[in-house]
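Summary of structural features
So the chains spell out like this:
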Amino acid sequence: MSSEDFMRQAIQLADEGMRGGRGGPFGCVVVRRGEIIARGQNRVTSTNDPTAHAEVTAIREACAALGKFSLDDCELYTSCEPCPMCLAAIYWARIPRVFYGNTRTDAAAIGFDDDFIYQQMPLPPEQRAIEMKPLLGQEARRTFADWQAKPDKIRY
């Protein structure tokens, strides 16, 4: 299959999920060595899970299928430029290449707030629309110190 075929699969998943009432118009496939190993559709409204975006559901499925948390030998095809949460998940999964159809501007034009979140990210915490206050940092840092000293930790 070609890159265009994989993208068409992601677009088809977006269409099917949207028409089936599972969530917003977003679909995704994860490809490894020329084969689709995972598929994802937006399932936010059908599962009442705001993190159930197509990319996240596909990444979860791919990791479960491969039995590992790093997808560094995979590609991701998604019907829309990833939102900040999905982009972060892609980075955490170490996926080196992403192809997307619609842009975040296209998503904003139909009522999705991806672009607003992108604008909020670089702001200092005290300037964001969501109130953020540091609390008990010294106590929290003890757990970080324990992690740093933990000899059997699995880095990710």
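Structure shown above.
Residues numbered from 1 in each chain as written. Predicted model: local features only at pLDDT ≥ 70, side-chain atom pairs only at ≥ 80, totals over all residues. Heavy atoms only, no water.

Here we look at the overall build of the protein chain
The secondary structure content of the protein chain amounts to 7 helices and 4 strands. The order of α-helices and β-strands along the protein chain, N terminus first, is α-β-β-α-α-β-α-β-α-α-α. In terms of its C-alpha atoms, the protein chain occupies a principal-axis envelope of roughly 50 × 40 × 25 Å. Within the protein chain, buried positions represent 33% of all 156 residues. Looking at the protein chain alone, contacts between residues at least 24 apart form 48% of all its contacts between residues at least 6 apart. (Helix = DSSP H or I, 4+ residues; strand = E, 2+ residues; numbered from the N terminus. Buried < 20%, exposed > 50% of the residue type's maximum accessible area, 1.4 Å probe, protein only. Contact = heavy atoms within 4.5 Å.)

Quick notes on the pairing of strand β2 (residues 35-41)
Note: strand β1 (residues 27-32) against β2, 6 bridges, orientation antiparallel. In the sheet register, V29 faces β2, and the bridge partner there is R39. In this antiparallel pair of consecutive strands, β1 and β2, the connection spans 2 residues, and R33 shows a positive phi of 55 degrees. (Pairing = 2+ DSSP bridges.)

A word on the nonpolar core
Of all hydrophobic cores here, the largest spans 21 residues; its most connected members are V30, I59, L71, L76 and I95. Elements supplying a minimum of two residues to this core: β1, α3 (54-66), β3 (74-80) and α4 (84-92). By residue number, the principal contributor to this core is α3, which donates 6 residues. Other than its neighbours up to four places away in sequence, L76 contacts C28, V29, V30, E55, I59, I90, I95, R97, V98 and F99. (Core = buried A, V, L, I, M, F, W, Y, C linked by side-chain atoms within 4.5 Å.)

Side note on the environment of L136
On the secondary structure map, L136 appears in the loop between α6 (114-120) and α7 (137-149). When the C-alpha atoms of L136 and D114 are compared, they prove to be 31 Å apart, with 22 residues separating the residues in sequence.

Considering the pattern of salt bridges
Counting across every chain of the model gives 11 salt bridges. Residue K68 is joined to D72 by a salt bridge in which the shortest nitrogen-to-oxygen separation is 3.9 Å. Across the pair K133 and E131 runs a salt bridge, and its minimum N-O distance is 3.5 Å. E131 sits in the exposed class, given a relative accessible area of 64%. When salt bridges that share partners are traced, they join R32, R33, K68, D72 and D73 into one network. (Salt bridge = Lys/Arg side-chain N within 4 Å of Asp/Glu carboxyl O.)

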